[in-house]
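Read off the chains here:
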Amino acid sequence: MAIGDRHIFPRFGQGEGKSSRAANWAIIGIFLIMAFAALALARDFLMPVTMAVLLFFVFTPMRRFNRRRGIPDVATAMVVTLGIIVVAGVIAYAASGPINSAIDNVPTISTRLEQKFERVRESMRDIQQAAAELDSAQIEEREAQNREEIKIAREEESTLETVAKLTPQLIGQVVFTLILMFFMLASGDLLYLKIVQSFETMAEKRNAYLALREIEDSLGSYLGAITVINACLGISIGLAMWAWGMPGALLFGIGAFLLNFVPYLGAIAGVMISGLVALVVMPGLFGPAMVASTYLALTALEGQIITPYFVSRRLQMNAVVVFLSVALWAWLWSVIGMVIAVPVLVVARVLAEHVPGLEKFGNFLAGEDPPRLEDEEEEDAREIVERGAEAEDEEAARAATAPVVHDSD
């Protein structure tokens, strides 16, 4: 796929045979596989580094603003680091009460859930009896239940052990992220200077610097808008849960604020959690269904109307690419990967606009209204797609789009 004299993928010599080209692409494939393996294996180190770099770009405009007013970079770095610690501490303190209450009420919650599902099982008693007659006697069923209870108890123990083991590691990664971000902010424009110095010509140096500044603006605009929107969503969901009489409305609000940083999957998790808690505290099934529907309606309103309206069109992404990116980073880096998936896409989008030959890749990452490509007749591409959309099959599409090709020739 060419853009003028440049190509998105490497173009091999005209005299090379198919076997040589296949070998070159095989090397690229092996490199990609090894790169993904390296990302997965080194995630304990790369996760905090990536978070620190993203936070550095987000807070660099603030550092530069303060420097113009005579405030040292070290002071700004200290304020930002302490501010993040204070905000995280306040959120943790606000959520600690409802979390401790939920932990203390785990036996009661499990009993109520069992009673809820017992009613459902009673309505299907005939089917269960028929299945039991075909499967085994009632004694074997009780033995299976006992084994299941033992299995659940072991899983709970293993979960607690896992949390106890992962907590020091998580704290260590957070501390590492904050320290690295502090040093990067305190060093001022040193990182920018080293990156710009790595290029040869003045034009390349200028383009590299402008790309860094655009990453600043894009990440700051995106994360700033998303943070404000998520805060409003958290307040709305907290008030809605309070209106429905749900316990821990504050915790629901905080959870909605944090979960919504994960596109799609965060909203689904919030709907499931709210519905499950409502099953415990509300009689029947209508109330829990309405609680889950309220959570779903608010997140759908945010995702389909509010965010597209307030987030710049230039920062909107291809929905399919966003979902695949979230899934990929979740597979590589678990929860942290889902959080950084979209910011990494924003950075990739900006870099694609500045690196020669990657313009079409940036166009692929864009949302419904991508930027105009300078080296491509965009209207021709749009006309091909629109004419082909009216065709019923491949043959009809071939005939419908043929005049476009002839006219351009």
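Criteria and thresholds
Residues numbered from 1 in each chain as written. Predicted model: local features only at pLDDT ≥ 70, side-chain atom pairs only at ≥ 80, totals over all residues. Heavy atoms only, no water. Helix = DSSP H or I, 4+ residues; strand = E, 2+ residues; numbered from the N terminus. Buried < 20%, exposed > 50% of the residue type's maximum accessible area, 1.4 Å probe, protein only. Contact = heavy atoms within 4.5 Å. Areas by Shrake-Rupley, 256 points an atom, 1.4 Å probe, with all protein chains shown as cover. UniProt positions renumbered as here; feature names shortened; annotations may be inferred. Expected span 1.5 Å × (residues − 1). Phe/Tyr/Trp six-rings, centres within 6.5 Å; stacked < 30°, edge-to-face > 60°. Salt bridge = Lys/Arg side-chain N within 4 Å of Asp/Glu carboxyl O. Bend = angle between axes of the 7 residues up to and from the residue.

Draft legend 1. Highlighting the overall build of the chain. Across its full length, the chain holds 15 helices and two strands. Looking at the 409 residues of the chain, the share that counts as buried comes to 28%. In the chain, the share of contacts with a sequence separation of at least 24, taken over all contacts with a separation of at least 6, comes to 68%. Total accessible area on the chain is roughly 26100 Å²; 66% of this is exposed by carbon and sulfur atoms.

Draft legend 2. Summary view of the UniProt feature "transmembrane region" (unreviewed entry) in the chain. In the numbering used here, UniProt assigns the "transmembrane region" (unreviewed entry) feature to residues 21–39, 45–62, 74–95, 170–193, 222–244, 250–269, 276–298 and 318–351. Regarding residues 170–193, the helix share stands at 88% and the strand share at 0%, and the terminal C-alpha atoms are separated by 32 Å. Helix makes up 75% of residues 250–269 and strand 0%, with an end-to-end C-alpha separation of 17 Å.

Draft legend 3. Representation of the side chain of Ser 325 in the model. Checked against the element boundaries, Ser 325 lands in helix H12 (residues 319–354). Take Ser 325: its relative accessible area is 9%, and that puts it in the buried class. Once you skip the residues sitting within four places of it in the chain, Ser 325 turns out to touch Ala 341 and Leu 345.

Draft legend 4. Molecular detail of helix H8 (residues 202–243). Relative to the 62 Å expected for 42 residues at 1.5 Å per residue, H8 spans 61 Å between its end C-alpha atoms, a close match to the ideal helical length. Phi turns positive one or two residues past the end of H8, at Gly 245, with a value near 80°.

Draft legend 5. Quick peek at the packing of aromatic side chains. Throughout the structure, instances matching the rule amount to nine aromatic pairs. Ring centres 6.1 Å apart and planes at 45° place the aromatic pair Phe 45 and Phe 176 in the tilted group. With Phe 45 in helix H2 (residues 43–68) and Phe 176 in helix H6 (residues 138–186), this residue pair connects regions lying 131 residues apart in the sequence. On the accessibility criterion, Phe 45 (52% relative accessible area) is exposed. Note on Phe 56 and Tyr 192: the rings are 6.0 Å apart at their centroids and 90° apart in plane angle, and the pair reads as edge-to-face. Highlighted residues: Phe 56 in helix H2 and Tyr 192 in helix H7 (residues 190–197), separated in sequence by 136 residues.

Draft legend 6. Structural context of the pattern of salt bridges. Inspection of every chain in the model, using the stated rule, returns eight salt bridges. Across the salt bridge formed by Arg 67 and Asp 73, the nearest N and O atoms sit 2.4 Å from each other. Overall, the relative accessible area of 39% leaves Arg 67 in the partly exposed class. A salt bridge links Arg 67 to Asp 189, with the shortest nitrogen-to-oxygen separation between them at 3.4 Å. Here the residue Arg 67 occupies a position in helix H2, and Asp 189 occupies one in the loop between H6 and H7, the gap between them amounting to 122 residues.

Draft legend 7. Structural view of H2. If you check H2, its first and last C-alpha atoms are 37 Å apart, about what 26 residues at 1.5 Å a residue would give, namely 38 Å. At Phe 59, H2 shows its strongest bend, of approximately 40°, with the proline Pro 61 following within four residues. When we look at burial in H2, the residues that qualify are Met 47, Pro 48, Thr 50, Ala 52, Leu 54, Phe 56, Phe 57, Phe 59, Thr 60, Arg 63, Arg 64 and Asn 66. Gly 70, located one to two residues past H2, shows a positive phi value of around 85°.

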